[in-house]
Amino acid sequence: MKAQTQALSLVLIAGIVIAMIGLAYAWGMPLIQKRTTITEFSTAQNFILSLDSKITEIVNSGAGEFRLDIPSGFVRAIDYGASDPDNNSIIMEFITNQPMIMNASQVLLKTTSFGEVGTYGESEPRIITLTGESFGTGYKMKIKLHYRELDTETRGYKIALKPITSTGEKSVKLSFDKNVVQPGNASNGGDLVLTYVNVELT
């Protein structure tokens with residue numbers, strides 16, 4: 001009788017322990033996934049900001065070459081002269097377990113103003129946006145680094161991306177290409193100065 005009682009007690013204790021582990025897993029898993037998603041997003045955002053910093057450095061110096069490793073996901077570059085609505089952009093796509101934003105929403109990241117033309121010396125030369133959509137059992141997030149025109153009263157300036165290869169998952173190589181002046185092509189009617197930056201993805 002005593003042995004039966006001990007065996008029954010062990011079964012009850014084991015059942016309670018298993019139930020507690022299951023409860024902890026069910027409660028803790030969403031928190032773990034949320035932290036993982038936030039980490040993945042922060043890593044992707046830092047990569048895009050570093051990319052922009054290196055591109056700006058190349059443009060300001062009129063020379064230079066940099067290579068950055070892609071931390072995760074998939075990156076594509078769209079040429080300045082492309083008919084694609086995302087032209088003159090670098091887009092990073094990555095999959096997360098949880099959404100960062102609602103479907104069809106677009107959020108500005110580290111950007112103070114929106115619009116294809118900004119004010120030289122006040123606006124950033126780029127616009128960074130985040131969008132997301134359902135993708136299988138997860139969510140596909142897209143961070144887009146887009147370069148726009150910045151105008152003075154008499155001139156316009158723009159960074160023009162020139163992809164050597166348009167897609168990659170390993171690294172991005174950036175290098176200065178050339179400056180081109182287009183008379184009368186700025187939004188204000190003045191000359192438009194284009195600074196071309198080569199983008200090579202592997």
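Residues numbered from 1 in each chain as written. Predicted model: local features only at pLDDT ≥ 70, side-chain atom pairs only at ≥ 80, totals over all residues. Heavy atoms only, no water.

### Details of the overall build of the chain
Looking only at helices and strands, the chain has 1 helix and 12 strands in total. Shown N-terminal to C-terminal, the secondary structure of the chain runs as helices and strands in the order α-β-β-β-β-β-β-β-β-β-β-β-β. When contacts within the chain are restricted to residue pairs at least 6 apart in sequence, long-range pairs at least 24 apart make up 66% of them. In the structure as shown, the chain presents an accessible area of about 11500 Å², 57% of it carried by carbon and sulfur atoms. (Helix = DSSP H or I, 4+ residues; strand = E, 2+ residues; numbered from the N terminus. Contact = heavy atoms within 4.5 Å. Areas by Shrake-Rupley, 256 points an atom, 1.4 Å probe, with all protein chains shown as cover.)

### Things to note about the environment of M92
Assignment of secondary structure puts M92 in strand 3 (residues 89–96). Along the backbone, M92 and L130 are 38 residues apart, and their C-alpha atoms lie at a distance of 9.7 Å. Apart from the residues within four sequence positions on either side, M92 is in contact with A44, F47, I48, I70, P71, S72, F74, V75, M141, K142 and I143.

### Re the pairing of strand 11 (residues 171–182)
Remark: a regular strand shows side chains that alternate across the two faces of the sheet. Note: strand 1 (residues 65–69) against strand 11, 5 bridges, orientation antiparallel. Each residue of the ladder has a partner; that of L68, found in strand 11, is V172. Alignment of strand 11 against strand 12 (residues 191–201), held across 10 bridges, turns out to be antiparallel. Paired with S175 across the bridge in strand 12 is N198. (Pairing = 2+ DSSP bridges.)

### Some words on the nonpolar core
One finds F47, L51, I55, I90 and I143 to be the most contacted residues of the largest nonpolar core, which totals 30 residues. Going through the elements one at a time, helix 1 (2–61), strand 2 (74–78), strand 3, strand 6 (126–135), strand 7 (138–147), strand 9 (155–165), strand 11 and strand 12 are the ones with two or more residues in this core. The biggest single contributor to this core is helix 1, with 8 residues. Excluding residues that lie within four positions of it along the chain, I143 makes contacts with F41, A44, Q45, I48, I90, I91, M92, F94, L109, I128, T129 and L130. Counting 6 residues, the second-largest nonpolar core is a separate cluster that includes Y80, A160, L192 and L194. (Core = buried A, V, L, I, M, F, W, Y, C linked by side-chain atoms within 4.5 Å. Buried < 20%, exposed > 50% of the residue type's maximum accessible area, 1.4 Å probe, protein only.)

### Quick word on the pairing of strand 3
By the criterion of burial, strand 3 is predominantly enclosed, with 7 of the 8 residues buried. Direction of pairing for strand 3 relative to strand 7: antiparallel, over a ladder of 8 bridges. The partner of F94 across the bridge, within strand 7, is M141.

### With respect to the pattern of salt bridges
Evaluated as defined, the whole model comprises 8 salt bridges. One salt bridge in this structure joins R126 and D52, with 3.0 Å as the shortest N-O distance. With R126 in strand 6 and D52 in helix 1, this residue pair connects regions lying 74 residues apart in the sequence. Both residues of the pair, R126 and D52, count as buried. The closest approach of N and O atoms between K144 and D86, which form a salt bridge, is 2.9 Å. Here D86 lies in the loop between strand 2 and strand 3 and K144 lies in strand 7, a separation of 58 residues in the sequence. Using a relative accessible area of 21% as the deciding quantity, one classes D86 as partly exposed. Each member of the salt-bridge network shares a partner with another, and the members are R76, E93 and K140. (Salt bridge = Lys/Arg side-chain N within 4 Å of Asp/Glu carboxyl O.)

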